[in-house]
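# Working through the structure, step by step
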Amino acid sequence: MSAWDDLDHHLRPAVEASTREFERIRPALVEVTEEMRRSMQGIFDSSELHPLFVTARTKTVESFRDKASRTLASPEPDAAPTLVFPDPMRNLTDLVGVRVITTLPHEVDLAANLIKRQRQDFDCRGDREKDIGSIESGTYGYSSRHLIMRTIHNDAVRRFQHAQHPESKAGGSYLFEVQIRTVLAHAWSEIEHDIRFKASNPKAWSPYFDRQFTGTAAMLETVESAFAELHERYETVTGFWDEDGEGSAPLTPNQIRHVWQTLLPHVDRKADDNWGWAAELLAAHELRTTIELAALLQADTITTVRRALDHRYSPGPDRLLDDMLLWHYGARHIDLTAEDPGIEPSPRRDSLQRRFRQMEIFRSRGAGSAR
């Protein structure tokens, strides 16, 4: 049941008059809506941020009437309620709505800030994070950034204002709403809106629906967090290959740990968290920059080395790095990092030579050759 259906009969004439006026000028407002969509799309076309899509809609006549019918109870006993929006043509800021759908959560803030910087065309009059459920209350729901924007000297708005009030001077300023949210939040909210708010029979409702919506919202938040982490890791890894950026960073023990734990988080971390020996091994081969370590730690090569040595136990970072260098540099790695020949005992040299023989046998079966 809509707010219009429950509206007090004393308030109906005012709402009916506003609705007729909205229906009359709505075609001109549709032109404003399309102009706002083009403007928002143009902002992103000339930036590095590219949302999945930008859409816009003009409020329907039915939706306008329903929202204009919302009332507030009077504080006076037995007094008639009053309209929340006594002049809906002026009070409602969502008659024109633009929706910007992004891929990842951090892009929501980037999009909002980009739009707010277009001060030659728009003035931001409101900015809030709208969510159904919040961290503070310990509940879940979709999150959406809502901006209230005002146009500045816009020609489409002037035409609309002239259609609305032919006798008045059109200034070209108009308030409209921009919603920015992720594609997952968008899908959730669209489904929820269709089921929860557009239900034809409000009596045909079960509390289990609310429980299911809460559960799916929790899963959505988890998935979005996973995608955000995946994107952050991707940005970090691609940075390792930037010769003019992080790729040129020197291989200090801390940097080696950072690169290793980013590329190979599944490999057990070192118990003592001391990466000094790893730095010494790499320096022995004059590997001194991040990009050189990233090139060494290629997943397919690691898999090959594991197969060649058939490790009884999963090697830790020190051992796996040692094996990777042995695979790439062979006898040279032994000479650079093991005890001098003739020194007894020589446990490291003996171990390296044994592992190198295994690698050579494996290579002889068609797995490649050392440098």
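Here, the structure is the one placed above.
Keep in mind the model is a prediction, meaning the values are calculated, not measured.

### What about the overall build of the chain?
In terms of helices and strands, the chain carries 15 helices and 7 strands. Taking 2.2 N^0.38 as the reference for a compact globule, 371 residues should give roughly 21 Å; the C-alpha atoms of the chain span a radius of gyration of 32 Å, well beyond that estimate. Here the C-alpha coordinates of the chain stretch approximately 105 × 50 × 40 Å along the principal axes. For the chain, buried positions account for 39% of its 371 residues. A sequence separation of at least 24 residues applies to 68% of the contacts in the chain between residues at least 6 apart. Accessible surface computed for the chain: about 21,200 Å², of which carbon and sulfur atoms make up 51%. The distance from the centre of the 47 positive side-chain charges to the centre of the 58 negative ones in the chain is 2 Å.

### Observations regarding the pattern of salt bridges
Under the criterion given, the structure shown has 23 salt bridges. One salt-bridge network, held together by shared partners, links Arg319, Asp322, Asp323, Arg348 and Arg355.

### Digging into the environment of alanine 56
Tracing the backbone shows alanine 56 in strand 1 (residues 53–58). Take alanine 56: its relative accessible area is 29%, and that puts it in the partly exposed class.

### A short note on a nonpolar patch on the surface
There is a patch of nonpolar side chains on the surface, built from Leu184, Val223, Phe227 and Leu230 and spanning about 330 Å² of accessible area. The topology assignment puts leucine 230 in helix 8 (residues 207–240).

### A short note on the packing of aromatic side chains
One pass over the structure, following the stated rule, counts 6 aromatic pairs. Ring geometry for phenylalanine 122 against phenylalanine 176: centres 5.8 Å apart, planes inclined by 65°, an arrangement best described as edge-to-face. Of this pair, phenylalanine 122 sits in strand 5 (residues 122–131) while phenylalanine 176 sits in strand 7 (residues 175–182), and the two are 54 residues apart along the sequence. Between tryptophan 260 and tryptophan 275, the aromatic rings sit 6.0 Å apart at their centres with planes inclined by 50°, giving tilted as the arrangement. Of this pair, tryptophan 260 sits in helix 9 (residues 253–263) while tryptophan 275 sits in the loop between helix 9 and helix 10 (276–284), and the two are 15 residues apart along the sequence. No difference in accessibility class separates tryptophan 260 from tryptophan 275, as the two residues are buried.

### A few points about the pairing of strand 6 (residues 143–151)
Taking burial as the measure, the 9 residues of strand 6 include 7 buried ones, the bulk of the element. Here strand 6 runs beside strand 7; their pairing, made up of 6 bridges, is antiparallel. Following the sheet pairing, isoleucine 148 is matched in strand 7 by glutamate 177.

### Structural notes on the nonpolar core
Core analysis: the largest hydrophobic core is formed by 40 residues, its most contacted members being Val32, Met40, Ile115, Phe176, Val178 and Ile180. Looking at this core, the elements that each hand over two or more residues are helix 2 (12–45), helix 3 (61–68), strand 4 (96–102), helix 5 (105–116), strand 6, helix 6 (155–164) and strand 7. If one sorts the elements of this core by residue count, helix 2 sits on top with 10 residues. If we skip the residues at most four places from it in the chain, methionine 40 touches Val54, Val98, Ile115, Phe122, Phe176 and Val178. Residues Leu287, Leu297, Leu309 and Met359 belong to the second largest nonpolar core, which totals 34 residues.

### Concerning the environment of glycine 245
With respect to the secondary-structure elements, glycine 245 resides in the loop between helix 8 and helix 9. With 26 residues separating them in the primary sequence, glycine 245 and alanine 271 have C-alpha atoms 30 Å apart.

### Here we look at the side chain of serine 189
Among the structural elements, serine 189 can be located in helix 7 (residues 183–197). Its relative accessible area of 5% is what places serine 189 among the buried residues. Polar contacts involving the side chain of serine 189 include one to the side chain of arginine 181, which spans 3.0 Å. Of the polar contacts made by the side chain of serine 189, one reaches the backbone oxygen of histidine 186; its length is 3.0 Å.

### Topic: the side chain of threonine 102
Position of threonine 102 among the secondary structure elements: in strand 4. Classification of threonine 102 by relative accessible area gives buried; the value is 0%. A polar side-chain atom of threonine 102 sits 3.3 Å from the main-chain carbonyl oxygen of leucine 104. When near neighbours in sequence (up to four residues on either side) are disregarded, threonine 102 contacts Leu52, Glu107, Val108, Ile180, Arg181, Thr182 and Val183.

### Some words on the pairing of strand 4
Burial within strand 4 is extensive, with 6 of its 7 residues counted as buried. As defined by bridge partners, strand 1 adjoins strand 4 across 6 bridges and the pair is classed as antiparallel. Pairing of threonine 58 across the sheet is with valine 96, part of strand 4. Sheet analysis places strand 4 next to strand 7, joined by 6 bridges and oriented parallel. When the bridges of strand 7 are listed, isoleucine 101 appears paired with arginine 181.

Scoring rules and cut-offs
- Residues numbered from 1 in each chain as written.
- Predicted model: local features only at pLDDT ≥ 70, side-chain atom pairs only at ≥ 80, totals over all residues.
- Heavy atoms only, no water.
- Helix = DSSP H or I, 4+ residues; strand = E, 2+ residues; numbered from the N terminus.
- Rg over C-alpha atoms; globule rule 2.2 N^0.38 Å.
- Buried < 20%, exposed > 50% of the residue type's maximum accessible area, 1.4 Å probe, protein only.
- Contact = heavy atoms within 4.5 Å.
- Areas by Shrake-Rupley, 256 points an atom, 1.4 Å probe, with all protein chains shown as cover.
- Lys, Arg positive; Asp, Glu negative; His and termini not counted.
- Charge placed at Lys NZ, Arg CZ, Asp CG, Glu CD.
- Salt bridge = Lys/Arg side-chain N within 4 Å of Asp/Glu carboxyl O.
- Patch = residues over 30% accessible without salt bridge, like charges linked within 9 Å, V, L, I, M, F, W, Y side chains within 5 Å.
- Phe/Tyr/Trp six-rings, centres within 6.5 Å; stacked < 30°, edge-to-face > 60°.
- Pairing = 2+ DSSP bridges.
- Core = buried A, V, L, I, M, F, W, Y, C linked by side-chain atoms within 4.5 Å.
- Polar contact = N/O pair within 3.5 Å; in protein donor to acceptor, adjacent residues only side chain to side chain.

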